[in-house]
Amino acid sequence: MRWLLPIILYICIEVYAYQAIKTITKSMWVQIGYLLVSLLILGYAIYIFANYDRSVGPTKYTLRASGLLLLTIVPKLAMVLFLFGEDVVRICVTGYNYLSTTFFEGKVSKYMPDRRKFISQLALGVAAIPFAGLLHGIFRGKYNFKVLHHVLYYEDLPSGFDGFRLAQISDIHSGSFDDASKIEYAVDLINEQEMDLLLFTGDIVNTVADEMDDWIDTFKRVKTPKYGKYSVLGNHDYGEYVTWNTKEEKDANFEAIKDIHTKIDFNLLLNDSIFVEKGEERIAVIGVENWGHNFKKAGDLRKASEKVAKNDFKILLSHDPSHWEYEVKKHSDHYHLTLSGHTHGFQFGIEIPGVIRWSPVQYVYKQWAGMYNEMGRYLNVNRGFGFHAFPGRVGIWPEITIIELRKGTKPV
């Protein structure tokens, strides 16, 4: 029953979009071919999601099904908008024709005018844009890794850390990978960066620990910079999106996920902190477990900061950026820099520096991608290394972040 409404909506979109195909071409074979492809995709998606195994979780098959559905629906929605606009005009013309013949003795051959071929062709042309974008996102965009650089200025940064370089990656989601050569390339790209410290902000898997089995050796190649590699957990790392036979199985999976960090030479911070020291100066790196406004709240900022003094320079690793919004940014202990991920920038949006910056995720998260600054406290929301749910990225590319810390005031 829960699939009934989505299926009805899909069919309505298909019926509407089919009007454009029928207007553009009278070829029965083209029309039948169009309907056949649409029905096959719908049937495949129904089969995959109807047989979804809650004990296994998302698989490459569910990723493929969601990709095909979006590749089908999004362009057709663009077509529907044009056709709906045309229908508004047609209905108005129909009303005018009816009134003119009824009250003013006008003559028309038919009340409702036919669809115009030009409008249907225009709708199809516009639909080709998201179709091409989604197609690129599935085959190329999801591995279009970008290295983004930020320079942050702090007057209270310890002098010895002037020029200190942090690297951040987030949201690996190893269970979604389907091209080993692209992941090897991304690891090489990380290793090319000049960094003093490497930080990972959670979601190493989609669901279960064994998703990472084939990738341990690959990620073990990520170099360990002079001051180490540290990590935290994300919401997907708790195994809560599948059904377990027993609590013991769930606990064993959680322990195995934590062990992954050790296997790839990351030090996992579980509501804990460490100090990076240069001579007699130090900065604190604090890692909380996942804390999300609408997700698991295992993070304990107080516990994680127990060893940290109020006047220490603080870098906080917290997977979900809503933590910064609700707990961190106004905290009396002044967390200088928070590193998060989680949103993936929705893996879909438009980012043209100085022109436009938009993604549907901005209606859910106030801070959804990039660097934010309030009251001298910074938050970086990494767009993610991997992908999840949709097997692609459109306009929001996978990210490796380099942050350079500078002492002083930002030059004007």
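Going by the structure above, here's the rest.
Residues numbered from 1 in each chain as written. Predicted model: local features only at pLDDT ≥ 70, side-chain atom pairs only at ≥ 80, totals over all residues. Heavy atoms only, no water.

Among the nonpolar cores identified, the biggest contains 34 residues, and Phe177, Ile204, Met212, Phe219 and Phe385 are the most heavily contacted of them. Ranked by residue count, the leading element in this core is helix α5 (residues 180-191), at five residues. Residues in contact with Ile204, not counting those within four places in the same chain, are Ile172, His173, Ser174, Met212, Asp237, Ile257, Ile260, His261 and Ile264. Counting 24 residues, the second largest nonpolar core, distinct from the first, contains Tyr227, Ile274, Ile283 and Leu317. (Core = buried A, V, L, I, M, F, W, Y, C linked by side-chain atoms within 4.5 Å. Buried < 20%, exposed > 50% of the residue type's maximum accessible area, 1.4 Å probe, protein only. Helix = DSSP H or I, 4+ residues; strand = E, 2+ residues; numbered from the N terminus. Contact = heavy atoms within 4.5 Å.)

For the rest of this paragraph, the subject is helix α4 (residues 117-139). The terminal C-alpha atoms of α4, which comprises 23 residues, lie 32 Å apart, in line with the 33 Å expected from a rise of 1.5 Å per residue. Taken together, the buried positions of α4 are Ile119, Ser120, Ala123, Ala127, Leu134, Gly137 and Ile138. (Expected span 1.5 Å × (residues − 1).)

The subject of this paragraph is the sheet that holds strand β9 (residues 337-340). Overall, mixed pairing links the six strands, which are arranged β6-β7-β8-β9-β13-β12 in an open sheet. With one partner strand each, in any of the chains shown, β6 (272-278) and β12 (370-374) form the two edges of the open sheet. Along the sheet, successive strands turn relative to each other by an average axial angle of 20°, direction set aside. With four bridges joining them, β9 and strand β13 (residues 377-381) adopt parallel strand pairing. (Pairing = 2+ DSSP bridges. Axes fitted to C-alpha atoms, helices over the stretch in contact; angles between N-to-C directions.)

Strand pairing within a sheet occurs via backbone hydrogen bonds; the two strands may be parallel or antiparallel. Taken in spatial order, the six strands of this open sheet run β1-β14-β2-β3-β4-β5, and their pairing is mixed. Both outer strands of the open sheet, β1 (146-154) and β5 (267-268), are each paired with one neighbouring strand and no more. Judged from the two bridges that link them, strand β4 (residues 229-231) and β5 form a sheet pairing that is parallel. The partner of Ser231 across the bridge, within β5, is Leu268.

Where burial is concerned, the two faces of β9 agree: the one with Leu337 and Leu339 and the one with Thr338 and Ser340 are both buried. One ladder, built from three bridges, connects strand β8 (residues 313-317) with β9; its direction is parallel. Paired with Leu317 across the two strands is Leu339, which belongs to β9. In this region the chain leaves β8, passes through helix α9 (residues 322-328) and returns to the parallel neighbour β9; the handedness of that crossover is right-handed. (Right-handed = clockwise from strand over helix to strand, strands pointing away.)

This next bit is on helix α7 (residues 247-263). Compared with the 24 Å implied by 1.5 Å per residue over 17 residues, the 24 Å span of α7 between its first and last C-alpha is a close match. Buried residues along α7 sit against β3 (197-200), α6 (216-220), β4 and β5. Just downstream of α7 lies Asp265, where phi reads positive at about 70°.

This part is about the side chain of His261. Its location among the elements puts His261 in helix α7. For His261, a relative accessible area of 0% corresponds to the buried category. In this structure His261 touches Phe200, Ile204, Ser231, Val232, Leu233, Phe266 and Leu268, once residues within four positions along its chain are discounted.

Attention now moves to the packing of helix α1 (residues 4-24) against helix α2 (residues 28-50). Packing of α1 against α2 leaves a shortest axis separation of 11 Å and a crossing angle of 165°. When the axis of α1 is compared with that of α2, the two are roughly antiparallel. Crossing handedness for the pair α1 and α2: right-handed. In this structure, α1 uses Ile7, Tyr10, Ile11, Glu14, Ala17, Tyr18, Ile21 and Lys22 to contact α2, whose residues at the interface are Val30, Gln31, Tyr34, Leu35, Ser38, Ile41, Leu42 and Ile46. Of the residues in the contact of α1 with α2, the class split is 12 nonpolar, two polar and two charged. (Parallel < 35°, antiparallel > 145°, perpendicular 65-115°, else oblique. Left-handed = near helix turned anticlockwise from the far one by under 90°. Nonpolar A, V, L, I, M, F, W, Y, C, P; charged D, E, K, R; others polar.)

Moving on, we get to the pattern of salt bridges. Here the structure, examined in full by the defined rule, presents 26 salt bridges. Across the pair Asp178 and Lys142 runs a salt bridge whose closest N-O atoms are separated by 2.8 Å. Within this pair, whereas Asp178 is found in the loop between β2 (164-169) and α5, its partner Lys142 is found in the loop between α4 and β1, the two being separated by 36 residues in sequence. On the basis of relative accessibility, which here comes to 48%, the residue Asp178 falls in the partly exposed class. Linked through salt bridges whose partners overlap, the residues forming this network are Glu86, Asp87, Arg90, Arg115 and Arg116. (Salt bridge = Lys/Arg side-chain N within 4 Å of Asp/Glu carboxyl O.)

What follows concerns the packing of α1 against α4. Contact geometry of α1 with α4 gives a least axis separation of 9 Å together with a crossing angle of 125°. In terms of axis orientation, α1 runs oblique to α4. Between α1 and α4 lies a crossing of left-handed hand. Facing α1, whose interface residues are Ala20, Ile21, Thr23 and Ile24, α4 presents Lys117, Ser120, Gln121 and Leu124. Residue classes in the contact of α1 with α4 are distributed as four nonpolar, three polar and one charged.

Glancing now at the packing of aromatic side chains. Two numbers describe a pair of aromatic rings. These are the distance of the centres and the angle of the planes. Summed over the entire model, instances satisfying the criterion amount to 14 aromatic pairs. Judged by centre distance (5.9 Å) and plane angle (75°), the rings of Tyr143 and Phe387 are edge-to-face. You can see Tyr143 sitting in the loop between α4 and β1 and its partner Phe387 sitting in the loop between β13 and β14 (399-407), a full 244 residues away along the chain. The class of Phe387 is buried, set by a relative accessible area of 1%. On the basis of an interplanar angle of 15° and a centroid distance of 6.4 Å, the ring pair of Phe177 and Phe219 is categorised as stacked. Taken together, the positions of Phe177 in the loop between β2 and α5 and Phe219 in helix α6 put the pair 42 residues apart, joining distant regions of the chain. Considered together, Phe177 and Phe219 belong to a single accessibility category, that of buried residues. (Phe/Tyr/Trp six-rings, centres within 6.5 Å; stacked < 30°, edge-to-face > 60°.)

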